[in-house]
Amino acid sequence: MQTTKRILSSNTVASIYKCAIITTAIFATALLAPLSPACAQTTDLFISEYVEGSSNNKALEIFNGTADEIELSDYHILRFSNGSTSSTTIALNAHTMEPGTVYVIVNEFADANLLAMAQQTSSELNFNGNDSLGLKRGSMVVDSFGRVGEDPGTAWTCPGGTTLNQTLRRLPAICNGDTVIDDEFNPCLEYEFFSVDTFDGLGDHFSDCASVSTGHDTWDEVKALYR
Ligand SMILES: [Ca+2]
Ligand SMILES: [Ca+2]
Ligand SMILES: [Ca+2]
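Residues numbered from 1 in each chain as written. Chains lettered and ligands numbered in written order. Predicted model: local features only at pLDDT ≥ 70, side-chain atom pairs only at ≥ 80, totals over all residues.

Draft legend 1. Broad picture of the overall build of the protein chain. Helix and strand counts for the protein chain come out as four helices and 17 strands. Within the protein chain, counting contacts between residues at least 6 apart in sequence, those at least 24 apart form 68% of the total. (Helix = DSSP H or I, 4+ residues; strand = E, 2+ residues; numbered from the N terminus. Contact = placed C-beta atoms within 7 Å.)

Draft legend 2. Representation of the sheet that holds strand β11 (residues 132-137). One open sheet accounts for four strands, arranged β7-β6-β11-β12; its pairing is antiparallel. Strands at the two margins of the open sheet, each flanked by one partner only, are β7 (88-91) and β12 (140-145). Strand-to-strand twist in this sheet, taken as the mean axis angle between neighbours without regard to direction, amounts to 25 degrees. Inspection of the sheet shows β11 paired to β12 by five bridges, in the antiparallel sense. Bridge assignment links Arg137 to a residue of β12, and that residue is Met140. (Pairing = 2+ DSSP bridges. Axes fitted to C-alpha atoms, helices over the stretch in contact; angles between N-to-C directions.)

Draft legend 3. Representation of the environment of Thr154. Summarising the element assignment, Thr154 is placed in the loop between β12 and β13 (157-158). When the C-alpha atoms of Thr154 and Asp131 are compared, they prove to be 9.0 Å apart, with 23 residues separating the residues in sequence. With near-sequence residues (within four places) excluded, Thr154 lies in contact with Gly129, Asn130 and Leu164.

Draft legend 4. Spatial organisation of the nonpolar core. By size, the foremost hydrophobic cluster in this structure holds 38 residues, and its most contacted members are Leu45, Ala59, Leu60, Ile62 and Leu135. Of all the secondary-structure elements, those providing two or more residues to this core are β3 (46-52), β4 (58-63), β6 (75-80), β9 (102-107), β11, β12 and β16 (191-194). Filtering out sequence-adjacent residues up to four positions away, Leu135 remains in contact with Leu45, Phe46, Ile47, Ile62, Tyr75, Ile77, Val142, Asp143 and Gly177. (Core = buried A, V, L, I, M, F, W, Y, C linked by C-beta atoms within 7 Å. Buried ≥ 20, exposed ≤ 12 C-beta atoms within 10 Å, placed from the backbone.)

Draft legend 5. Quick peek at the confidence of the model for the protein chain. In the predicted model, the protein chain carries a mean pLDDT of 84, and the fraction of residues at 70 or more is 75%. Predicted confidence for residues 1-37 stays below pLDDT 50, and this span has 41 contacts to residues more than four positions away or in other chains. (pLDDT = per-residue confidence, 0-100.)

Draft legend 6. The pairing of β4, seen in detail. Extensive coverage of β4 is indicated by the burial of six of its six residues. Side chains Lys58, Leu60 and Ile62 of β4 all project onto a buried face; the interleaved residues Ala59, Glu61 and Phe63 project onto the opposite face, where all are buried too. Of the strand pairs in this sheet, β3 and β4 are connected by six bridges, and their pairing is antiparallel. The partner of Phe46 across the bridge, within β4, is Phe63. Joining the antiparallel neighbours β3 and β4 is a turn of five residues, in which Ser55 adopts a positive phi near 50 degrees. Across five bridges, the pairing between β4 and β9 is antiparallel. By the bridge assignment for β9, Phe63 is matched with Val102.

See the structure below:
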């Protein structure tokens, strides 16, 4: 039986958002009603699970929490090994991600039961706890893991958590990726931790966040709908 451990307690489990009410002098409140309250929203792909397991059991799960289909081949993963600032690129396959779905990439030499979860395999998906990762759309960083340029030794750690020999699952309250690749990394702020070779969270992701249409993600675009 897998053992699970919640690192963060009631303050994160509650995931209560103070949703701001959209107000404006320009548009009638009635017209704006469908748009409010404006909760924390997901605007792009992010990493929803990181598997740093035994041997070659390495995997990443990417989540589309937006309201739109997203073409995955517009994105790629970068791996920065052992504190290096230069990276290895892992291209992502052509695949249309429907809203609310995930995509799982697995090291091609992983155990069969992990490979069975894969939508893509790569020999380059090989990290071992002290390696940073980036998820990019073109030149834009949409998420990152670890701290580029820092070799923490064996792993980034925090009370009850480590990036070595664990499965890390993004907390439901995390709505968007970490777009700063080289600042301090505290995995306990963003992930919950599961024992080594936990694979049963791959294939879906639970998020507390509202999805937002990436086609209408600026206020000017939203306003244009009501003209
Ligand atoms: Ca390494
Ligand atoms: Ca960061
Ligand atoms: Ca998952």
